[in-house]
Amino acid sequence: MSDLTRLTLAEARNGLASKKFSAVELNQAFVAAVARAKSLNAYIVETPDKALEQARASDERIAKGEARPLEGIPLGIKDLYATEGVQTTAASHILEGFVPRYESTVSANLWRDGATMLGKLNLDEFAMGSSNETSFFGPVISPWRRKNSDAKIVPGGSSGGSAAAVAARLCLGATATDTGGSIRQPAAFTGTVGIKPTYGRCSRWGIVAFASSLDQAGPIAQNVRDAAILLRSMAGHDPKDTTSVDAPVPDYEKAVGASVKGKVIGIPKEYRLDGMSAEIAALWDRGVEWLRAAGAEIREISLPHTRHALPAYYIVAPAEASSNLARYDGVRYGLRKTGKDIVDLYELTRAAGFGKEVRRRIMIGTYVLSAGYYDAYYLRAQKIRTLIKRDFDLAYQTGVDAILTPATPSPAFALGEKGAADPVEMYLNDVFTVTVNMAGLPGLVVPAGLSSDGLPLGLQLIGRPFDEETLFALGEAIEEAAPKIALPEPWWA
Amino acid sequence: MNSQAHSSKLIAGATGDWEVVIGLEIHAQVTSRSKLFSGASTEFGGAPNSHVSLVDAAMPGMLPVINEECVKQAIRTGLGLKAQINHRSVFDRKNYFYPDLPQGYQISQYKNPIVGEGEVLVDLSPTEQIKVGIERLHLEQDAGKSLHDLGANDSHVDLNRSGVALMEIVSKPDLRSADEAKAYVTKLRTILRYIGSCDGNMEQGSLRADVNVSVRKPGESFGTRCEIKNVNSIRFIGQAIDVEARRQIGILEDGGTIDQETRLYDPGKGETRSMRSKEEAHDYRYFPDPDLLPLEFDQAYVDVLATDLPELPDEKKARFIAQYGLSPYDAGVLILERAAADYFEEATKGRDAKLVANWVINELFGRLNKEGKSIEDSPVLAAQIGAIADLISAHVISGKLAKDLFDIVWLEGGDPAKIVETRGMKQVTDTGAIEKAVDEIIAKNPDKVEQAKAKPTMLGWFVGQVMKATGGKANPQAVNEILKAKLGI
């Protein structure tokens, strides 16, 4: 039997359905691959027994002809999702050892549809980071390497473990979350497909909150079809999250391969940043040509408030985070460092429990919400957010179906290369992605080429609210047209 | 009539009269089965931490979901306060660290409350009424409870109350004395209990007040205020205001100034003391809670709730005066509790309302008070007190016998008419029998007859003798008339 880890999710699903192999065999292959890939540090916790137990149940269902949509498909779960009986840490020391008694709605949806769990995937601490270097459990190493170099490359972040695990074939798909680009940037860095759905498409219940008004769950997978299959299971209304939307979930897979003829694609001129690398500019141009060739109509558009998005994001997100992370106080669960009184307990616990980047954002957020600063920072940032959303609304009102942009301003970088001296250098990674979160829109990233040093580059498609289907159709068109990017061979095993 | 400074309300100081200005923030626990944002029970008195959901404990990834029943209660209360109902309101986070605040923030309403301005009419006496403005009413979460006395070195936290819905009802600074403040809280409590949006139970903490107090010379602008936190009885509210006003007057008359601060009232020592100064005040970093969409509903939603609203105390009082011809005082006493008003209405059906009101207020309420019982626990039912009134009206029993009858019904129950029958309590209205008794007494007491002719007040002695002779059952009116005729007075 050939290596089952080399299958796509859709291929594995079809193979299971036609009984070419069993769910147990499939899961065993992935369990073994995960065990061999410890040097990538993609998983914080491995749950091989759970995966195999679920796989046995899947085989029984397949035998009875009762297979569910994701029957026996092994997945990795970002460690921001609460998983019942399995440690959930948000990659933070402050939650080390925390085992929830509840399952997040999105992961529960995946188990409902028959998927199996290989383990909990590494991430930036509390999803704050763009390189997966802020994890208390150490950085994730990308399976990708530059041409003729052994330098360790970051997988991006915060869903670095999810992207690396998919790219290294350590699962058939992974859950991820995106607050400012945390699904799409790592997908772009690892040659995988990631979609941040419309805000409200997936339930946030049971996912450790970073910035509640921006956080959204989504999948990372090898290709557009796999991402579509996963999102269908993940999405849906949840009465436990009042910001989730009660609208039917379409069969996204049906959109994959649909014609894009006549679709109007907006090209926002403001995204052509000063100093944009020629490589990224050329990639974007090629994307335009591929869609044009597929029958889409290309139209230049203007999103005038784009340049304010990143600064506004770095006010709104830390503000919400400073409040969301107040519950980690050492009183009820997680890390506790006692001192002479309760204030001491708070200070010692939080100083020891939170890493540097998380502490920085809590301080920024606390500052911008303070009396006397609220209007100047938080309130203005919210106004900018409204303007950004209006920019998109106006573009869509003129008949634009989707917007094409680069995913990131550069390919992946080496560990320690960025942000050590100036955190803003790291924040700039999100320049093309944060606007989408600020406007609550869906954004899909697909691999579109390789950089001059052989690292993946991605393009981003931004859609109308709840029109993920158009993104899947357009994403597949790019996937078809772009040169095939082979995932890296396992140098780590 | 409004809250003009009446001289009687002023406090005399060394430098002249002072006026006290009071505004109240009442925290009323919303009557609902479950908490404001979680499905956990709100029942009082459970074992510590037995009514705590994952949301209440602020476990990672938990989200609040608004309990619609609490929203309805807030709207109903707003309608009862004749207040503006805001069709769009926003929940904000009030951020601070405290062990009994698991989220690290309280979900409250800051800039956009569910209820805006309204008013409450407060009766100070049967003839004096003031109008107290309501600034706003908003919904918020209660905190848990810290327990420091269970162990020598550690504290414990009980989260049963954590997340329970509160309505904070903020008055305008319209109150001018401790008595006015007490009357206002009493009236507000009555309205809340009528509506059923708060049980008003102060011992269990269902109703607490933060009291804002300042003093000024009449006619001057408002002085600097102090806020007395968490006063939990109407009596203490009055005491705290008097004590705090005196303290402030003392400082000002000594040439000092009032520091704006938060204070606590110590009923044991009869003093208020500083809790935290303005400088120490928290920066709560309010911002809209991103987990909750703005709360929106339309006028039709409000209209349905308005239709289901019970008759409120002011309307009921006016109706009792108009419909039953009661005095404002009697009507005011009867409507204090909705259950008592209902009791009266049931008892008075088709009867002499003034008589029934008298019996309900004097006999029934007196006895209930004495025995610490509520109207719901009254051993004498409305139908029974009505039956007693019937027996009085029909001259079957005298007022005195009626009191004995009430006592029997209170202790033993039963149909009053039958009790009168079986125990021979029936009033003797047979004039023949009375005449016979009168004749006998006149015959036996010729000296007294002579005296009575000179001094008609002697009649009372004869009445007493006749009643005695008839076992108290003779109709006093008939006795009087017959005696007068026979004695020729």
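I'm lost on the overall build of chain A in this one. Help?
The secondary structure content of chain A amounts to 16 helices and 11 strands. Its C-alpha radius of gyration of 21 Å places chain A within 12% of the 23 Å reference for a compact globule of 493 residues. Principal-axis analysis of the C-alpha atoms places the extent of chain A at approximately 65 × 55 × 50 Å. Taking the contacts inside chain A whose residues are at least 6 apart along the sequence as the reference set, 76% of them involve residues at least 24 apart. Both charge centroids of chain A, one from 54 positive and one from 56 negative side chains, sit 1 Å from each other.

I would appreciate a short explanation of the pattern of salt bridges in the present structure.
Side chains bearing opposite charge may pair, as long as their charged atoms lie close to each other. Residues and elements named next belong to chain B. What the rule picks out here adds up to 60 salt bridges over all chains. Across the salt bridge formed by R88 and E296, the nearest N and O atoms sit 3.2 Å from each other. Of this pair, R88 sits in strand β3 (residues 88–89) while E296 sits in strand β16 (residues 295–296); the two residues are 208 residues apart in sequence, bridging distant segments of the chain. Under the relative-accessibility criterion, E296 is labelled exposed at 54%. Close ionic contact of E227 with K229 constitutes a salt bridge, the shortest N to O distance being 3.4 Å. Relative accessible area serves as the criterion here: at 13%, E227 is assigned to the buried category.

How should the domain arrangement of chain A be read in this particular structure?
Where interface size is given, it is often the accessible area lost as the parts come together that is meant. Residues and elements named next belong to chain A. With domains assigned, chain A is organised as domain 1 (4–259 + 405–481), domain 2 (264–306 + 383–397) and domain 3 (307–379). On a C-alpha basis, the centres of domain 2 and domain 3 stand 35 Å from each other. Between domain 2 and domain 3, the residue contacts involve 6 residues of the former and 8 residues of the latter. Here domain 2 meets domain 3 over a buried area of about 550 Å², counting both sides, of which 60% is carbon and sulfur. Three residues stand out in domain 2 for area buried against domain 3, namely T306, K383 and I384, and they jointly supply 59% of the buried area on that side.

So what exactly am I meant to see when it comes to helix α5 (residues 313–324) of chain B here?
Because an α-helix packs 3.6 residues into every turn, residues spaced three or four apart end up facing the same way. All names here are of chain B. Given a rise of 1.5 Å per residue, 12 residues ought to cover 16 Å, and the 16 Å separating the end C-alpha atoms of α5 matches this to within 8%. Along α5, the residues that are buried comprise P313, K316, K317, F320 and Y324. For α5, the buried positions fall inside an angular range of 100° around the axis, keeping them on one side. Buried positions along α5 lie against β6 (118–125), α2 (178–195), α6 (328–334), α7 (338–348) and α8 (353–370). Phi turns positive, to about 65°, at G325, one or two residues after α5.

What is the right way to read the packing of aromatic side chains from this model?
Tallied over the entire structure, the rule returns 31 aromatic pairs over all chains. With a centroid separation of 5.3 Å and 45° between ring planes, the pair formed by Y346 of chain A and F97 of chain B is classed as tilted. With one member in each of two chains, Y346 of chain A in helix α11 (residues 342–353) and F97 of chain B in the loop between β4 (92–95) and β5 (105–108) form a pair that bridges those chains. An angle of 55° between the planes, with centres 5.3 Å apart, marks the rings of F320 of chain B and F344 of chain B as tilted. Here F320 of chain B, found in helix α5, pairs with F344 of chain B, found in helix α7; they are 24 residues apart in sequence, far enough to count as distant. In this structure, F320 of chain B and F344 of chain B share a single accessibility class: buried. These aromatic residues form a ring-pair network of at least three members: F98, F126, Y328, Y333 and F354 of chain A. When the ring centre of Y284 of chain B is taken as origin, the NZ or CZ atom of K94 of chain B, which lies over that ring, is 4.4 Å away.

Looking at this model, I keep getting lost on the packing of helix α2 (residues 23–36) of chain A against helix α3 (residues 48–63) of chain A. Mind explaining?
When two helices pack together, you describe them by how their axes are tilted relative to each other and by the distance separating the axes. Residues and elements named next belong to chain A. Between α2 and α3, whose axes approach to 8 Å, the crossing angle comes to 160°. For the element pair α2 / α3, the angle class is roughly antiparallel. Remark: the crossing between α2 and α3 carries right-handed chirality. Along the contact surface, α2 presents A23, V24, N27, Q28 and V31, while α3 presents P48, A51, L52, A55, R56, S58 and D59. Considered class by class, the residues forming the contact of α2 with α3 number 7 nonpolar, 3 polar and 2 charged.

Sorry if this is basic, but what is going on with the sheet that holds β5 of chain B here?
Note on sheets: strands pair through backbone hydrogen bonds, and any given pair is parallel or antiparallel. Read across the open sheet, the 3 strands follow the order β5-β4-β15 (chain B); overall the sheet is antiparallel. The sheet is open, and its two borders are formed by β5 and β15 (287–288) of chain B, each paired with just one other strand. Where β4 of chain B and β15 of chain B come together, 2 bridges link them in antiparallel fashion. By the bridge assignment, R93 of chain B is partnered in β15 of chain B with F287 of chain B. Where helix α10 (residues 309–324) of chain A meets the sheet, its contacts fall on β4, β5 and β15 of chain B, and the angle it forms with β4 of chain B comes to roughly 60°.

I tried to follow the nonpolar core on my own but got confused; where do I start?
The nonpolar side chains of a soluble globular protein tend to be buried with one another. Of all hydrophobic cores here, the largest spans 161 residues; its most connected members are F126, L170, F392, L404 and F472 of chain A. For this core, the element with the most residues is α10 of chain A, which contributes 10 residues. With residues up to four places along the chain from it excluded, the contact list for L170 of chain A reads F30, A33, V34, A37, L40, A42, Y43, L118 and A165 of chain A. If you look at the next biggest cluster of nonpolar residues, it comprises 109 residues, including A165, I408, W410 and M425 of chain B.

Looking at this structure, how should I read a nonpolar patch on the surface?
Residue and element names in this part refer to chain A. Nonpolar side chains collect at one region of the surface, where Y367, Y373 and Y377 lie side by side and expose about 270 Å² of accessible area between them. Residue placement: Y367 occurs in helix α12 (residues 356–369). By relative accessible area, which is 38% here, Y367 ends up partly exposed.

Honestly, the pairing of strand β12 (residues 226–231) of chain B in this entry has me stumped. Any pointers?
Residues in a regular strand point their side chains to alternate faces of the sheet. In this structure, strand β11 (residues 207–216) of chain B lies alongside β12 of chain B, joined through 4 bridges in antiparallel fashion. By the bridge assignment, V211 of chain B is partnered in β12 of chain B with I228 of chain B.

Help me out: how do you make sense of empty space enclosed by the protein in this one?
Where empty space is left becomes clear once a probe the size of a water molecule has been rolled over the atoms. Residues and elements named next belong to chain B. For the structure on display, the rule yields 5 cavities of 30 Å³ or more. In this structure, the largest cavity encloses a volume near 90 Å³. In terms of lining, the largest cavity is formed by F37, S38, V55, D56, L101, P102, Q103, Y105, Q141, D142, S162 and G163. Split into classes, the residues belonging to the lining of the largest cavity amount to 5 nonpolar, 5 polar and 2 charged.

Please explain the confidence of the model for chain B as it appears in this structure.
Note: predicted coordinates in regions of low pLDDT should not be interpreted at a detailed level. Of the residues in chain B, 98% have a pLDDT of 70 or more, and the chain-wide mean is 92. This stretch, residues 1–6 of chain B, has a pLDDT under 50; its non-local contacts, to residues over four places away or in other chains, come to 11 contacts.

In this structure, what is going on with helix α9 (residues 382–393) of chain B? I would like to understand it.
Residue and element names in this part refer to chain B. Relative to the 16 Å expected for 12 residues at 1.5 Å per residue, α9 spans 16 Å between its end C-alpha atoms, a close match to the ideal helical length. Burial analysis of α9 places 9 of its 12 residues in the buried class, which makes it a mostly covered element. By the burial criterion, the buried members of α9 are A382, Q384, I385, G386, A387, I388, A389, L391 and I392. Looking at the buried residues of α9, the elements they touch are α7, α8, α10 (399–412) and α11 (416–422). Directly beyond the C-terminal end of α9, a positive phi value near 60° is found at H395.

Conventions adopted
The residue numbering used here restarts from 1 in each chain and proceeds along that chain's sequence as written. Following the order in which they are written, the chains are lettered starting with A and the ligands numbered starting with 1. The predicted nature of this model means local features are confined to residues of pLDDT at least 70 and side-chain atom pairs, given and counted, to a pLDDT of 80 or more, with totals for whole chains, interfaces and linings taken over all residues. No hydrogens and no water enter the side-chain calculation; it runs on all heavy atoms of the structure. Each helix corresponds to a stretch of at least 4 residues labelled H or I by DSSP, and each strand to a stretch of at least 2 residues labelled E; elements are numbered beginning at the N terminus. Atoms counted for the radius of gyration: C-alpha only. Globule rule: 2.2 Å times residue count to the power 0.38. Here, two residues are considered to be in contact whenever any of their heavy atoms come within 4.5 Å of each other. Positive: Lys, Arg. Negative: Asp, Glu. His and the chain ends are not part of the count. Note on charges: their place is set at NZ of Lys, CZ of Arg, CG of Asp or CD of Glu. Salt bridges are identified by distance alone: a Lys or Arg side-chain nitrogen within 4 Å of an Asp or Glu carboxyl oxygen. Relative accessibility thresholds used throughout: buried, under 20% of the residue-type maximum; exposed, over 50%; partly exposed, between the two (1.4 Å probe, protein chains only). Either an automatic procedure or a domain database provided the assignment from which the domain bounds are taken. Take the accessible area each of two parts loses on contact, using a 1.4 Å probe, and add the two losses: that sum is the buried area. Expected span, for any helix, means 1.5 Å times one less than how many residues it has. The directions considered for the arc run from the helix axis to the C-beta atoms. For Phe, Tyr and Trp, rings pair up if their centres lie within 6.5 Å, where Trp contributes its six-membered ring, and each pair is then called stacked (planes under 30 degrees apart), edge-to-face (over 60) or tilted (otherwise). Placement of a charge over a ring requires the Lys NZ or Arg CZ to be within 6 Å of the ring centre, with the centre-to-atom vector within 35 degrees of the ring normal. The angle between two axes is taken between their N-to-C directions and runs from 0 to 180 degrees, where each axis is a line fitted to C-alpha atoms and a helix contributes only its stretch in contact. Our angle categories are set so that under 35 degrees counts as roughly parallel, over 145 as roughly antiparallel, 65 to 115 as roughly perpendicular, and the remainder as oblique. Definitions for this section: a left-handed crossing has its near helix turned counterclockwise from the far helix by less than a right angle. A right-handed crossing has that turn clockwise. Each residue is assigned to one class: nonpolar for Ala, Val, Leu, Ile, Met, Phe, Trp, Tyr, Cys and Pro, charged for Asp, Glu, Lys and Arg, and polar for all the others, Gly among them. Strands pair, by our definition, only if DSSP identifies at least two bridges between them. Residues belong to a common nonpolar core when they are buried Ala, Val, Leu, Ile, Met, Phe, Trp, Tyr or Cys residues joined through side-chain atoms within 4.5 Å. Exposure above 30% relative accessible area and no salt bridge define the residues that can form patches, which grow by joining like charges within 9 Å and nonpolar side chains of Val, Leu, Ile, Met, Phe, Trp and Tyr within 5 Å. In these tables, accessible area is a Shrake-Rupley quantity obtained with a 1.4 Å probe, and a residue counts as shielded only by the protein chains included in the view. Cavities and pockets are defined on a 1 Å grid built over the protein atoms alone: a cavity is a set of grid points where a 1.4 Å probe fits but cannot escape, while a pocket is an open set with protein on both sides within 12 Å along at least five of seven lines, and lining residues are those with an atom within 4 Å of any such point. Grid points are joined across faces, edges and corners, and a volume is the space filled by probe spheres set on the points. Confidence of the predictor in every single residue is expressed as pLDDT, which spans 0 to 100.

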